[in-house]
Amino acid sequence: RGPKRWWQDAIIYQVWPASFQDSNGDGMGDIPGIISRLDYIKSTGANTIWLSPMYDSPQIDMGYDIADYNAIYPPYGTMADMDALIKGCHERGLRILCDLVINHCSDQHKWFQESRSSKDNPKRDWFIWRPAKYDADGKRHPPNNWRSCFSESAWEWDEKTQEYYLHLFVVGQPDFNWTNEECRKAIIDSAIKYWLEKGVDGFRIDTASMYSKPMDFPDAPVIDKDVEHQPAFHLFCDGPQLEDYLREIGKVFAQYDSMTVGEFPNATFERSVRATSASDPQMSMNFHFSLCDFGRDVENDLYRLLPAEKRRLSQFKEIIRAHQTHVEGTDSWPSFFLENHDIARAISRYANDAPEHRVASGKMLATLAASQSGTLFLYQGQEIGTVNFPKDWDIEDYQDIGSINYWKMLKAKGASQQEFDTAKLNLSALARDHARTPVQWSAEQHAGFTTNAKGPWMKVNDTYKDINVASQDKDAGSVLNYYRKAMQLRTKHIDVLGHGLFRIHDPKSDETLVYAKLSDEQAKGKIAVVALNFTTKEVAFTLPAEAKGKNLDLALGTHGDAHDEGKLRPLEGRIYLSA
Ligand code: TEU
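Each residue is numbered by its place in its chain's sequence as written, counting from 1. For a predicted model such as this one, the threshold for reporting local features is a pLDDT of at least 70, and the threshold for listing and counting side-chain atom pairs is 80 or more; totals across whole chains, interfaces and linings nevertheless cover every residue.

Here is the rule: UniProt positions are given in the numbering used here, feature names are shortened, and annotations may be inferred rather than shown by experiment.
In the annotation of an unreviewed UniProt entry, the protein chain is listed under the name Glycoside hydrolase and assigned to Jaminaea rosea. UniProt annotates the protein chain under Sequence similarities (unreviewed entry) with the comment "Belongs to the glycosyl hydrolase 13 family."

Written as structure tokens, this is what we have:
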């Protein structure tokens, strides 16, 4: 898999600035707040942070709509604060990644303002402008029927210059025209080199698969007859020039020896391998979406939960197996994540978030994460076992533009009460909002996130009195202290836990997940055996064939001792290591 690099062993902790820690009482997280918690982040066992966008932005999409790549969003702090954060990380031996959002910018960015000012502006071609289509009745339509990722048409009409511009996300996020060389160069200088010069250690690359579009903009097939705009992921992901663009920016990253992780929705495993090959560096690793898309109807409706028969544990396990083995025999490198800012909480999605089961669930999933090969990503709050907020939150409590537009789309098509009820249930299971509530630092008012009398910008999850950092820090049996132990174990035995070959033992079981991790093909050297019970009852399990003749010791267990060698208690997880 190519020469070993620092980032292969990294544990990367993602920080969502708005919700991490407020330091000045305005109800919004900020950079000084992050600095005050760097020692905490380090205590989890993470050695790198990934900071979601902190750039100046009108915040239509929480900063993924950037108005200035070289300025900080004022409520988050100043450039001096950002410099202090970079320094503060490095002083503690932490590395820092920024979020690189260059498929689009904000409609408030000066480049777009210039572009939209007239058809002959020198920056007109930096964005994607197309004339309208008119039907027989003279009614105006967008250039094609694509639906944006957030429910509406992917095209917005511009009154002044009488053309449409493309936005694969919301109206305020115009897509750059990557076919324009001058535009690419400006992006590289302003969004990439500027930050590498400042000393950041790399980037998480937003929507790295969407830069290249089929420039003839064909219509997408009609899947949803009730609406004009159709999902078109297969058309705008992985377009014709994508690899050239990725190589072009890849050269810049290489000059600075930085790491990159590209977000790659809709990629096949084969495509992932190609994007991350050490011999043709387009990115150091990518986020493969198979696991985070598990159980939702990605092709048609991101927010729709699939029926239970399509969400069986055996199907989840097949995804884990395929993901863990897809790089075998290649020089590519994977990442592993259970959570991020775009998906609901893992305990609620993959295990059991009932009050009596969530602690065990959190530890069991930590056991899974600690023993997956690839660079490991944790998302803020995951390490204390945060669960989705309650299902009875009002729709007004949801703040994400994705959820809001989804609701609007239902209204626009005149959905029935039953459709609204189902949509509410789906949002309560899958909305991005669940990941974006303030971090639960303590049982104090507003979960210790802010001192603002009016409270934080987004409602605190009702669970904060039971799930919070302060109480878990003191409790040896907490999810937090289990994560700390699990990350320590992973780091110590990174050869098998983080780099080993994965062999599943019980592919058909809908109750347990048992696998071996091997340091070599024949299992001659060190091995680990991981046994997880996803049910709330006691179940029997057996050891994989690779364990034969090995002296296995229990290295980590959610329930402390191994209790009964042949059985797993409800939601128990164990890692055994060969002596
Ligand atoms: O997300 C890209 C993306 O593909 C999303 O549509 C994703 O599938 C969706 O959020 C799942 O619910 C990235 C960022 O991670 C996201 O936060 C931004 O909103 C988006 O790009 C636009 O920049």
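1. What about the overall build of the protein chain?
Note the following rule: Helix and strand definitions here come from DSSP, where helices need a minimum of 4 consecutive H or I residues and strands a minimum of 2 consecutive E residues; each element is numbered from the N-terminal end. Remark: C-beta atoms are placed from the backbone, and a residue is labelled buried if 20 or more other C-beta atoms sit within 10 Å of its own, exposed if 12 or fewer do, or partly exposed between those counts. Here the contact rule is simple: place C-beta atoms from the backbone, and any two residues whose C-beta atoms are within 7 Å are in contact.
Along the backbone of the protein chain there are 17 helices and 24 strands. Each principal axis of the C-alpha atoms in the protein chain carries an extent, and together these give about 75 × 55 × 50 Å. A burial count over the protein chain gives 51% of its 579 residues as buried. Restricting to contacts in the protein chain with at least 6 residues of sequence separation, those with at least 24 account for 68%.

2. Brief notes about the sheet that holds strand β10 (residues 163-166)
Note the cut-off: Between any two strands, pairing holds if DSSP finds at least two bridges.
Overall, antiparallel pairing links the three strands, which are arranged β6-β10-β9 in an open sheet. Every other strand in the sheet has two partners, leaving β6 (129-130) and β9 (155-158) as the edge strands with one partner each. Pairing geometry for β6 and β10, over two bridges, is antiparallel. Residue pairing in the sheet places tryptophan 129 in a bridge with tyrosine 165 of β10.

3. Focus on the UniProt feature "domain: Glycosyl hydrolase family 13 catalytic" (unreviewed entry) in the protein chain
The sites that UniProt annotates as "domain: Glycosyl hydrolase family 13 catalytic" (unreviewed entry) are residues 14-436. Secondary structure content for residues 14-436 is 32% helix and 14% strand, while the C-alpha to C-alpha distance between its ends is 12 Å.

4. Re the nonpolar core
Condition: Remark: nonpolar core denotes a set of buried Ala, Val, Leu, Ile, Met, Phe, Trp, Tyr and Cys residues whose joining runs through C-beta atoms within 7 Å.
Ile12, Ile49, Leu365 and Ala528 are the most contacted members of the largest nonpolar core, which has 159 residues in total. Counting residues per element, this core draws most heavily on helix α12 (residues 358-370), which supplies eight residues. Once residues within four sequence positions are removed from consideration, isoleucine 49 is found in contact with Tyr13, Val15, Ile41, Cys89, Leu94 and Ile96.

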